[in-house]
Amino acid sequence: QTNIFNKETNLDFILKFDKEFGDVRIDGLAGANYRDYVYSSMYMAANDLTVPDLYTISNVKGNPSVSMYDSNKRTNSVYAAFNASYKDFLFLGVTGRNDWSSTLPADSRSYFYPSASLGFGITDAFNIDSKVLSYAKLRGSWAKVGGDTSPYQLSRTYSAGTFNSISLFTPTGTMPPIGLKPEETVSFEIGADMRFLNDRISLDFTYYDQTTVNQILSVANSITTGYSAMKLNAGEIENKGVEVMLSGTVIDSPKGFKWDVTLNWAKNKNIVNKLYGDLQSYRISNGFGGATTVGIPGQEWGVIWGLPFVRNDEGKVVVGIDGIPLTTNSGTNLGNVNPDWTGGITNSFRYKGFNLNFLIDMRKGGDFFSCSAWHAYPTGTYEVTTANNVRETGLIVDGVKEDGTVNDIRVSAQDYFGGSWMWNNHEYSILDGTYVKLREVILGYDFNLEKVQWIQKLNVSFVGRNLALLYRDKSTDELGIDPEVGLGGGEAGVGFENFQIPTTRNLGVKLSVSF
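Everything numeric in this text was worked out from a predicted model, so none of it was measured.

(A) Region of the structure containing the overall build of the chain. A tally of regular secondary structure across the chain gives five helices and 27 strands. Whereas a compact globule of 515 residues would reach a radius of gyration of roughly 24 Å, the chain reaches 30 Å, over 25% beyond that. Put simply, the chain has 515 residues, and 34% of those count as buried. Long-range contacts, defined here as pairs at least 24 residues apart, represent 64% of the contacts in the chain between residues at least 6 apart. By element, 55% of the accessible surface of the chain is carried by carbon and sulfur atoms, the whole surface being about 30,300 Å². Between the centroid of the 45 positive side chains of the chain and the centroid of its 55 negative side chains there is a distance of 6 Å.

In structure tokens form, the structure reads like this:
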């Protein structure tokens, strides 16, 4: 039995102003915030009950397993925002906020983060009246954002437990930080919004660059220190990329038929610029079976680190005297979890009250370690373990011997697919995360309710989500794996798949009424 209690209390004091001075309009606000967050959990489990199927605490037989956790986090803030516009074509925005967090040391718990933005409407500023260029606006912004950490990270804490009715108090496995500083993220963004042919075609483009310094991380260290990890400001990571959205009206018939298309595309690079001191890497996730994800300075975040095939200088797999691939205990970079790019296409149709929308979602690249594939060879569930009559005739591994000559040693399927070398190799289980999905389909109808004055709009729609996997890479298709399904949530699950169950298709009916 688990009981969880959350309570968040927010108190805000806000002053607003709005004033016009001829062609200039100024508005803004200033205020303060008090936030208090309380979390409590209690867990109890028992191996047996005195009376079967009576699930109460008093019915526990023997000693139950119990645990409790309480935490409290508090922040105080002051903030202000200022906006100004001139003739509705030049826009300026400035904000500032200062937080005081209870989870940071007293001498660094205060952190300030400002932002500024500027927008310039080209067509409005120069009174451009063109059927080709309907609207054009440029924008840019700069922002700095601060961040703190979880409660009770600054001092040595203990967790309570029991063993054979004896109370135990265990110290935390993470060394408390010294001189911890708040995280800081500085971002810069520029973009353009352009529309053409009387707004029939529109283009939105954004370029961004975001750098986070003083990242608060738990870094593994030698357990001879009495701790398995230490909390510190350990990293600097940079995200930069582009986002493009192109939309247009393909058909707009006077008879009521309309077809709109929207395409979006994005590419992001996530680089680990540096780590604390002489750290060569930072473990993001412990992964599974020895394969891990790490951050390495100068490389993209999310490197999959594991054991490869032994290869010669020409990249060919090297086999031993038994014809089985050689193994190594030296890990290497086997891929990266980040996709090359992502995109989507939305089509919208309308005709005489009927509306049909469907979204195709896609991702190119992005590797992941598949536990299903890792076990599929030795368990014989991979299609390749039966292909070309291999179980009767065996196979010759495509590679070279240690002397460099072409391998000609035939081995049995049992020795190859069930050999111990499989458990000392992760490379063959690195799969490509590319996919194309029919993400959503909506078919609806707007009822004509002109005679019902108190209802403005009534729409009934049939909605389907995650309907079909239209394309996936051969490496995932052979195993029937959905490349979008990971091992778990958060950073720890990114880049790993572990015996996934079939994904679900959602169907429903939606009723929308406006009064």
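There's more to say after this.
(B) How the structure looks around the sheet that holds strand β23 (residues 430–432). The strand order across the open sheet built from three strands is β23-β20-β26, with neighbouring strands paired in mixed fashion. The outermost strands of the open sheet, each flanked by one partner alone, are β23 and β26 (496–497). The pairing of strand β20 (residues 367–370) with β23 spans three bridges and is classified as antiparallel. Bridged to aspartate 367 within β23 is aspartate 432.

(C) Here's a closer look at helix α2 (residues 371–379). Of all the nine residues making up α2, seven are buried; the element is thus mostly covered by neighbouring parts of the structure. Considered for burial, the residues of α2 that qualify are Cys371, Ser372, Ala373, Trp374, His375, Ala376 and Tyr377. Those residues of α2 that are buried lie in contact with β14 (282–288), β20, α4 (413–417), β23 and β26. Residue serine 370 occupies the N-cap position of α2, its side-chain oxygen lying 3.4 Å from the main-chain nitrogen of serine 372. Directly after α2, the chain includes glycine 380, whose backbone phi takes a positive value near 75°.

(D) Quick look at the nonpolar core. Core analysis: the largest hydrophobic core is formed by 36 residues, its most contacted members being Phe369, Tyr377 and Tyr416. Among the elements that line this core, the one with the most residues is α2, at four residues. The contact partners of phenylalanine 369, leaving out residues within four places of it in the chain, are Phe288, Ala291, Ile304, Trp374, His426, Ser429, Ile430, Gly495, Phe496 and Glu497. With five residues, the next largest nonpolar core counts Leu104, Tyr111, Leu180 and Ile216 among its residues.

(E) Fine view of unusual backbone geometry. Positive phi outside glycine occurs at tyrosine 152, with the angle close to 65°. Topologically, tyrosine 152 is positioned in the loop between β6 (133–147) and β7 (158–163).

(F) Looking closely at the packing of aromatic side chains. Scanning all chains against the criterion turns up 22 aromatic pairs. The rings of Phe309, Tyr377, Tyr382, Tyr416, Phe417, Trp421 and Tyr428 are connected pair by pair, giving a single aromatic cluster. The lysine or arginine in question, lysine 137, covers the ring of phenylalanine 91, its NZ or CZ lying 4.6 Å from the ring centre. Lying over the aromatic face of tyrosine 135, arginine 195 brings its terminal NZ or CZ to 4.4 Å of the ring centre.

(G) Quick look at the side chain of lysine 437. Along the chain, lysine 437 falls in strand β24 (residues 435–446). Of the polar contacts made by the side chain of lysine 437, one reaches the side chain of glutamate 484; its length is 2.5 Å.

(H) Structural view of the pairing of β6. Direction of pairing for strand β5 (residues 110–121) relative to β6: antiparallel, over a ladder of seven bridges. Residue phenylalanine 120 lies in a different strand from β6, and its bridge partner there is leucine 138.

(I) Fine view of the pattern of salt bridges. Applying the stated criterion across every chain, the model contains 22 salt bridges. In this structure, aspartate 477 engages arginine 472 in a salt bridge whose closest nitrogen and oxygen atoms are separated by 3.1 Å. Because the salt bridges share partners, they merge into one network encompassing Asp361, Lys437, Arg439, Asp482 and Glu484.

(J) The environment of methionine 175, seen in detail. Position of methionine 175 relative to the elements: it lies in strand β9 (residues 174–175). For methionine 175, a relative accessible area of 24% corresponds to the partly exposed category. Sequence separation between methionine 175 and leucine 458 is 283 residues; the distance between their C-alpha atoms is 60 Å. What methionine 175 contacts, discounting residues up to four positions off in sequence, is Asn221, Thr225, Tyr227, Ala229, Met230 and Lys231.

(K) Seen up close, the sheet that holds β14. The sheet built from four strands is open, its strands ordered β14-β15-β16-β17 with antiparallel pairing. What marks the edges here is a single partner per strand, and that holds for β14 and β17 (332–336). Sheet twist, expressed as the average angle between the axes of neighbouring strands with direction ignored, equals 35°. For strand β15 (residues 291–295) and strand β16 (residues 303–306), the ladder comprises three bridges, and the chain directions are antiparallel. Looking at the pairing, threonine 293 lines up with isoleucine 304 of β16.

(L) Representation of a nonpolar patch on the surface. A cluster of nonpolar side chains, namely Phe17, Phe82, Tyr86, Leu90, Leu92, Val94 and Leu118, defines an oily patch on the protein surface of about 560 Å² accessible area. When residues of the nonpolar patch are traced back to their parent elements, those giving at least two are β3 (65–86) and β4 (90–101). The element that contributes the greatest number of residues to the nonpolar patch is β4, accounting for three residues. Inspection of the secondary structure assignment puts leucine 92 in strand β4.

(M) Focus on the environment of serine 40. Within the secondary structure, serine 40 sits in strand β2 (residues 24–45). Taking the C-alpha atoms as reference points, serine 40 and lysine 7, separated by 33 residues in sequence, lie 9.0 Å from one another. Excluding residues that lie within four positions of it along the chain, serine 40 makes contacts with Asn3, Ile4, Phe5, Tyr69 and Asp70.

(N) Up close: the pairing of strand β25 (residues 457–472). Judged from the 11 bridges that link them, β24 and β25 form a sheet pairing that is antiparallel. Along β25, the bridge assignment pairs leucine 443 with phenylalanine 462.

Rules and cut-offs
Each chain has its residues counted from 1, following the order in which its sequence is written. Selection of residues for local features in this predicted model requires a pLDDT of at least 70, selection of side-chain atom pairs for listing and counting requires 80 or more, and totals for whole chains, interfaces and linings are taken over all residues. Processing note: side-chain calculations cover all non-hydrogen atoms of the structure and skip hydrogens and water entirely. Each helix corresponds to a stretch of at least 4 residues labelled H or I by DSSP, and each strand to a stretch of at least 2 residues labelled E; elements are numbered beginning at the N terminus. Only C-alpha atoms enter the radius of gyration; for comparison, a globular chain is expected to reach 2.2 Å times N to the power 0.38, where N is the number of residues. A simple rule labels every residue: compare its accessible area, found with a 1.4 Å probe on the protein chains alone, to the largest value its type can have, and call it buried under 20%, exposed over 50%, or partly exposed in between. Throughout, a residue-residue contact means that at least one pair of heavy atoms, one from each residue, lies within 4.5 Å. Computed with a 1.4 Å probe, the accessible areas rest on the Shrake-Rupley method; for each residue, only the protein chains presented here act as cover. The charged-residue count follows a simple rule in which Lys and Arg add positive charge and Asp and Glu add negative charge, with His and chain termini not counted at all. Each charge is placed at NZ for Lys, CZ for Arg, CG for Asp and CD for Glu. We treat two strands as partners when DSSP finds at least two bridges between them. Here a polar contact means two N or O atoms within 3.5 Å. Within protein one must be a hydrogen donor candidate and the other an acceptor candidate, and residues neighboring in sequence count only if both atoms are side-chain atoms. Only buried Ala, Val, Leu, Ile, Met, Phe, Trp, Tyr and Cys residues count toward a nonpolar core, and they belong to the same one when joined by side-chain atoms within 4.5 Å. Two aromatic rings from Phe, Tyr or Trp, using only the six-membered ring of Trp, form a pair when their centres are within 6.5 Å; if the ring planes differ by under 30 degrees the pair is stacked, by over 60 it is edge-to-face, and anything between is tilted. Put simply, a charge is over a ring when the Lys NZ or the Arg CZ is close to the ring centre, within 6 Å, and near the line of the ring normal, within 35 degrees. Salt bridge, as used here: a side-chain nitrogen of Lys or Arg that lies within 4 Å of a carboxyl oxygen of Asp or Glu. Here an axis means a line fitted to C-alpha atoms, over the contact stretch when the element is a helix, while the angle between two N-to-C directions is reported on a 0 to 180 degree scale. Patch definition: residues with relative accessible area over 30% and no salt bridge; like charges joined within 9 Å; nonpolar side chains (Val, Leu, Ile, Met, Phe, Trp, Tyr) joined within 5 Å.

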